Amino acid sequence: MLLDSKNAEINAYQQIKRAIMLKRLLPGQKLSEEWISRNLNMSRTPVRAAFKKLEEERLVEIIPRRGAFVYEPTIKEIRDVFEVRIVLECYAAKKAASMISDQYISQLDELIEKEKEAYETRDFESFITINNSIHQTPAIVTQNKSLIKQINSLLNWSDCYIVLNDPFYNRSVDTAKNIPEHKKIVETLSNRNPLQAEKAVRTHLESTLNSLEEPKSIFDN
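Residues numbered from 1 in each chain as written. Predicted model: local features only at pLDDT ≥ 70, side-chain atom pairs only at ≥ 80, totals over all residues. Heavy atoms only, no water.

A. Molecular detail of empty space enclosed by the protein. Considering all chains together, one arrives at one cavity of 30 Å³ or more under this definition. Roughly 60 Å³ of internal volume is contained in the largest cavity. Every residue along the wall of the largest cavity is listed here: Glu89, Ala92, Ile134, His135, Pro138, Ile151, Ile185 and Val201. Mapped onto the lining of the largest cavity, the elements with two or more residues apiece are α4 (75–97) and α6 (124–142). Of all the elements, α6 adds the most residues to the lining of the largest cavity, at three residues. Of the residues in the lining of the largest cavity, the class split is six nonpolar, one polar and one charged. (1 Å grid on protein atoms, 1.4 Å probe; cavity = no way out; pocket = protein on both sides within 12 Å on 5 of 7 lines; lining within 4 Å. Points joined across faces, edges and corners; volume = space filled by probe spheres on them. Helix = DSSP H or I, 4+ residues; strand = E, 2+ residues; numbered from the N terminus. Nonpolar A, V, L, I, M, F, W, Y, C, P; charged D, E, K, R; others polar.)

Structure below.
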């Protein structure tokens, strides 16, 4: 019975998170326990537990006496996180450029190919994982444990903003700016050029921040 309850919680969590990632549930939208439990054919208890877990990931906001809502981050929240990411990731790229091995360059090239596949298959979940791996790599190259920890924390923190605001489904392999921007970062690292690597990371993160601050409507041409 306990296992069935835990499985129900996991299922509810996965289903609700997927609906948010697929933009079927939108920022600011109220989440009805009754409606969701009925659609998932389960009781309200696992749905409530799923809301709690999603709240920890900042995908859901639970407001006392009002209920649960898909989280709607402010522009300031998004900007604050990305400003710190820019500082730390630029530093990581600059340090990594002078010490990166060909093995790491090959891994980054493979990640970019997987990123293209994620766009082709419209797999947003894979895209998030791949994107984080690309951004983690320069810090990993430096072997600075404190830097790695801080960047990983910021990536986890900004995942919710990307999930909620990134116009992934309005892009294709040909129109996604992050693919050529990621390629540029790998190119500068491959050339062992610290200043250019730093510049490429800054340009990319500022571009990403801009896309999150001004997401395009699905009705735009």
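The structure having been displayed, the exposition proceeds.
B. Just the packing of aromatic side chains, in detail. Taken as a whole and assessed by the stated rule, the structure comprises seven aromatic pairs. Here the aromatic rings of Phe124 and Tyr169 are separated by 5.7 Å at their centres, their planes lie at 70°, and the arrangement is edge-to-face. Taken as a pair, Phe124 in helix α6 and Tyr169 in the loop between α7 (145–165) and α8 (178–190) lie far apart in primary sequence, 45 residues in all. With a centroid separation of 5.2 Å and 35° between ring planes, the pair formed by Phe127 and Phe168 is classed as tilted. Here Phe127, found in helix α6, pairs with Phe168, found in the loop between α7 and α8; they are 41 residues apart in sequence, far enough to count as distant. The same class applies to Phe127 and to Phe168, which are both buried. Within the aromatic cluster, the residues linked to one another by ring pairs are Tyr119, Phe124, Phe127, Phe168 and Tyr169. (Phe/Tyr/Trp six-rings, centres within 6.5 Å; stacked < 30°, edge-to-face > 60°. Buried < 20%, exposed > 50% of the residue type's maximum accessible area, 1.4 Å probe, protein only.)

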